[in-house]
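# Coordinates in review
The residues making up each chain are set out below.
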Amino acid sequence: MNLPDIAVPQADPGAGYRAQKSEIDAAVARALQSGWYILGAEGAAFESEFAAWLGGDPPARAVGCANGTDALVLILRGLGIGPGCTVATVSHTAVATVAAIEMCGATPLLLDIDPDTFTMDPDELAAVIEEPPPGLPPIRAVIAVHLYGQACDLAPMLDACRAGGVALIEDCAQAHGATLEGHKLGTLGIAAAFSLYPTKNLGALGDAGILATPDPALAERIAAIRQYGWKSRYVSDMTGINSRLDEMQAAVLRARLPRLDSNNARRREIAGAYDAALEGGPLAPPTRREGAAHVFHQYVVRTRDRDALQGRLRAAGIGTGIHYPVPVHLQPAYRGRVPLGPAGCTETEAAAREVLSLPMFPELTEAQVERVCAALRDL
Ligand SMILES: *Cc1c(COP(=O)(O)O)cnc(C)c1O
């Protein structure tokens with residue numbers, strides 16, 4: 001069979017660059033001409049602009065770093081979490097979430113998800129905090145992953161963490177700008193990690209990350225850990241790593257941050273068009289959590305017949321993605337080794353077999369959106 005070219009890619013970071021080419025080119029030129037390339041004025045300005053955009057009460061402090069994985073590592077290390085600690089999270093996430101826990105020397109505990117929202121089952125979390133699985137070090141932290149751009153069921157998770165003296169860290173790598181009961185995600189836990197990978201809702205043109213916390217002492221500790229544990233140059237007050245944000249990426253991100261909210265609005269508009277096209281058909285549109293504003297990092301449908309659906313869309317020139325095809329606990333590097341919650345990961349495994357992500361990025365043209373909608377109406 002001769003397949004048509006992909007007319008509608010699933011993601012297109014180049015389109016994001018082209019949409020702001022002159023501002024981004026000017027920002028890069030400014031960074032290049034400054035003669036200062038790592039942890040300088042651009043990085044500091046981006047940190048304060050990002051913190052101001054995030055808000056929070058008390059206001060967030062932000063610390064730039066090399067990528068989203070490191071943002072999680074830095075938070076965990078800043079909280080003193082390492083060997084002898086368990087960190088609970090989900091298996092239905094980017095492998096980065098779990099990798100970060102092990103990079104600190106802590107033990108991940110992978111819990112199952114709620115099948116409608118694909119986020120952590122809060123009842124299972126409460127159960128393991130109340131009665132920790134035998135043989136594991138004590139649970140010191142939870143990483144709540146706001147997957148696909150939608151909030152976890154955070155209120156009961158925060159209650160369970162508070163009751164058990166456990167730190168709740170938000171993984172906001174897919175949720176820049178999403179809210180829960182009017183609060184921006186990333187302002188509700190002890191600290192939050194944001195990936196700024198090119199395809200994320202706020203993306204650099206290379207690797208970058210940022211983390212935020214309302215706790216100034218934690219922010220200061222983390223800022224030291226990201227650069228060899230230095231508080232002043234060449235003096236390591238603690239052991240650290242190297243995870244710095246470079247000036248060129250910071251300059252690009254400063255050019256892009258003012259567009260984040262309107263880009264998220266465009267993602268919602270595209271999601272609304274897909275919803276309407278799916279109406280009356282065999283696929284259900286993604287569930288929206290009540291009280292939460294979704295930012296559609298991904299628009300995800302589920303079907304028992306994924307290969308067929310993917311093939312039909314491909315034949316119509318439409319690209320799709322799978323986030324994620326293999327849960328972390330079934331990956332070769334983790335299989336049989338990472339502990340799971342008492343319920344196992346049945347819903348996680350079913351989701352991994354059934355999820356499909358449709359094209360979703362703000363620069364999709366009306367014609368591209370209509371082409372996807374036409375294919376969805378035809379199912
Ligand atoms: C992208 C992502 C990360 C990791 O970010 P990197 O910048 O690639 O290190 C972590 N968690 C989730 C949920 C992600 O989607």
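Residues numbered from 1 in each chain as written. Predicted model: local features only at pLDDT ≥ 70, side-chain atom pairs only at ≥ 80, totals over all residues. Heavy atoms only, no water.

What follows deals with the packing of aromatic side chains. This structure, assessed with the given rule, holds eight aromatic pairs. Each ring, one from phenylalanine 50 and one from phenylalanine 194, has its centre 5.0 Å from the other, and the planes form 75°; the classification is edge-to-face. Taken together, the residues span a long stretch of sequence, with phenylalanine 50 in helix α3 (residues 41-54) and phenylalanine 194 in strand β8 (residues 191-195) at a distance of 144 residues. The class of phenylalanine 194 is buried, set by a relative accessible area of 0%. Look at tyrosine 228 and tryptophan 230: their rings are 5.0 Å apart centre to centre, the planes differ by 70°, and that puts the pair in the edge-to-face class. Looking at tryptophan 230, the relative accessible area reads 16%, which means it is buried. Here a set of aromatic residues connected by ring pairs shows up, and it is made of Phe46, Phe50, Trp53 and Phe194. One residue, lysine 184, lies across the ring of tryptophan 53, its end atom 4.4 Å from the ring centre. (Phe/Tyr/Trp six-rings, centres within 6.5 Å; stacked < 30°, edge-to-face > 60°. Helix = DSSP H or I, 4+ residues; strand = E, 2+ residues; numbered from the N terminus. Buried < 20%, exposed > 50% of the residue type's maximum accessible area, 1.4 Å probe, protein only. Lys NZ or Arg CZ within 6 Å of the ring centre and 35° of its normal.)

Right, let's get into the packing of helix α10 (residues 260-278) against helix α13 (residues 366-377). For the pair α10 and α13, the least separation of the axes is 8 Å and the interaxial angle reads 25°. By the angle between their directions, the pair α10 and α13 is classed as roughly parallel. The handedness of the crossing between α10 and α13 is right-handed. Judged by residue contacts, Arg266, Ile270, Ala273, Tyr274, Ala277 and Leu278 of α10 engage Glu366, Val369, Val372, Cys373, Leu376 and Arg377 from α13. Its residues assigned to classes, the contact of α10 with α13 comprises nine nonpolar, no polar and three charged. (Axes fitted to C-alpha atoms, helices over the stretch in contact; angles between N-to-C directions. Parallel < 35°, antiparallel > 145°, perpendicular 65-115°, else oblique. Left-handed = near helix turned anticlockwise from the far one by under 90°. Contact = heavy atoms within 4.5 Å. Nonpolar A, V, L, I, M, F, W, Y, C, P; charged D, E, K, R; others polar.)

What follows is about helix α7 (residues 154-164). Within α7, burial applies to Leu154, Met157, Leu158, Ala160 and Cys161. Buried residues in α7, looked at end-on, bunch into an arc of 165°, giving them a common side. In α7, the exposed positions angled more than 90 degrees off the buried face are occupied by Arg162 and Ala163. In the core, the buried residues of α7 are packed alongside α6 (122-130), β4 (139-145), β5 (167-171) and β6 (179-180). (Arc of directions from axis to C-beta.)

Turning our eyes to something else, we now look at the sheet that holds strand β3 (residues 107-111). One open sheet holds the seven strands; their spatial order is β1-β9-β8-β5-β4-β2-β3, and the pairing between them is mixed. Each end of this open sheet is capped by a strand with a single partner; those strands are β1 (61-65) and β3. Looking at each pair of strands side by side, their axes are set apart by 25° on average, direction ignored. In terms of strand pairing, β8 meets strand β9 (residues 209-213) through four bridges, oriented antiparallel. In the strand pairing of β9, serine 195 is matched with glycine 209. Docked against the sheet, helix α8 (residues 216-225) engages β1, β8 and β9, running at close to 15° with respect to β1. (Pairing = 2+ DSSP bridges.)

Within the structure, the ligand sits among 14 residues, and Gly68, Thr69, Asp171, Ser195 and Lys200 are positioned closest to it. Separating an oxygen atom of the ligand from a backbone N or O atom of glycine 68 is a distance of 2.8 Å. Contact distances for the ligand include 2.8 Å between a nitrogen atom and a side-chain N or O atom of aspartate 171. Of the residues assigned to the shell around the ligand, the class counts are five nonpolar, seven polar and two charged. (Near = heavy atom within 4 Å. Polar contact = N/O pair within 3.5 Å; in protein donor to acceptor, adjacent residues only side chain to side chain.)

Here the focus is α13. The end-to-end C-alpha distance of α13 is 16 Å, a good match for the 16 Å that twelve residues give at a rise of 1.5 Å each. All of the buried residues along α13 are Gln368, Val369, Val372, Cys373, Ala375 and Leu376. The buried residues of α13 occupy an angular sector of 160° when the element is viewed end-on, so they sit on one face. Residues Glu366 and Ala367 are exposed on α13 and point more than 90 degrees away from its buried face. Structurally, α13 contributes buried residues whose contacts are with α10, α11 (306-315) and β14 (355-358). (Expected span 1.5 Å × (residues − 1).)

Here the focus is a nonpolar patch on the surface. On the surface, a cluster of nonpolar side chains totalling about 350 Å² of accessible area is made up of Leu32, Tyr37, Ile38 and Met248. Within the secondary structure, leucine 32 is located in helix α2 (residues 21-34). Using a relative accessible area of 42% as the deciding quantity, one classes leucine 32 as partly exposed. (Patch = residues over 30% accessible without salt bridge, like charges linked within 9 Å, V, L, I, M, F, W, Y side chains within 5 Å. Areas by Shrake-Rupley, 256 points an atom, 1.4 Å probe, with all protein chains shown as cover. Salt bridge = Lys/Arg side-chain N within 4 Å of Asp/Glu carboxyl O.)

Before going further, it helps to examine the domain arrangement of the protein chain. For the protein chain, the assigned domains are domain 1 (16-257) and domain 2 (259-377). Taking the mean C-alpha position of each, domain 1 and domain 2 sit 23 Å from one another. At the interface, 50 residues of domain 1 touch 41 residues of domain 2. Three residues stand out in domain 1 for area buried against domain 2, namely Tyr148, Gln150 and Asn201, and they jointly supply 18% of the buried area on that side. (Domains from an automatic or database assignment. Buried area = accessible area lost by both parts, 1.4 Å probe.)

Here we come to the pattern of salt bridges. Summed over all chains, the structure comprises 15 salt bridges. One salt bridge connects glutamate 42 with arginine 30, and the closest N-O pair in it is separated by 2.7 Å. Taken together, the positions of glutamate 42 in helix α3 and arginine 30 in helix α2 put the pair twelve residues apart, joining distant regions of the chain. With relative accessibility at 40%, the residue arginine 30 sits in the partly exposed group. Glutamate 269 is the partner of arginine 266 in a salt bridge, and the nearest nitrogen-oxygen pair spans 2.6 Å. Of the two residues, arginine 266 and glutamate 269 are both situated in helix α10; the distance of three residues between them amounts to about one turn of the helix. The network of salt bridges with shared partners includes Arg30, Glu42, Glu49 and Arg254.

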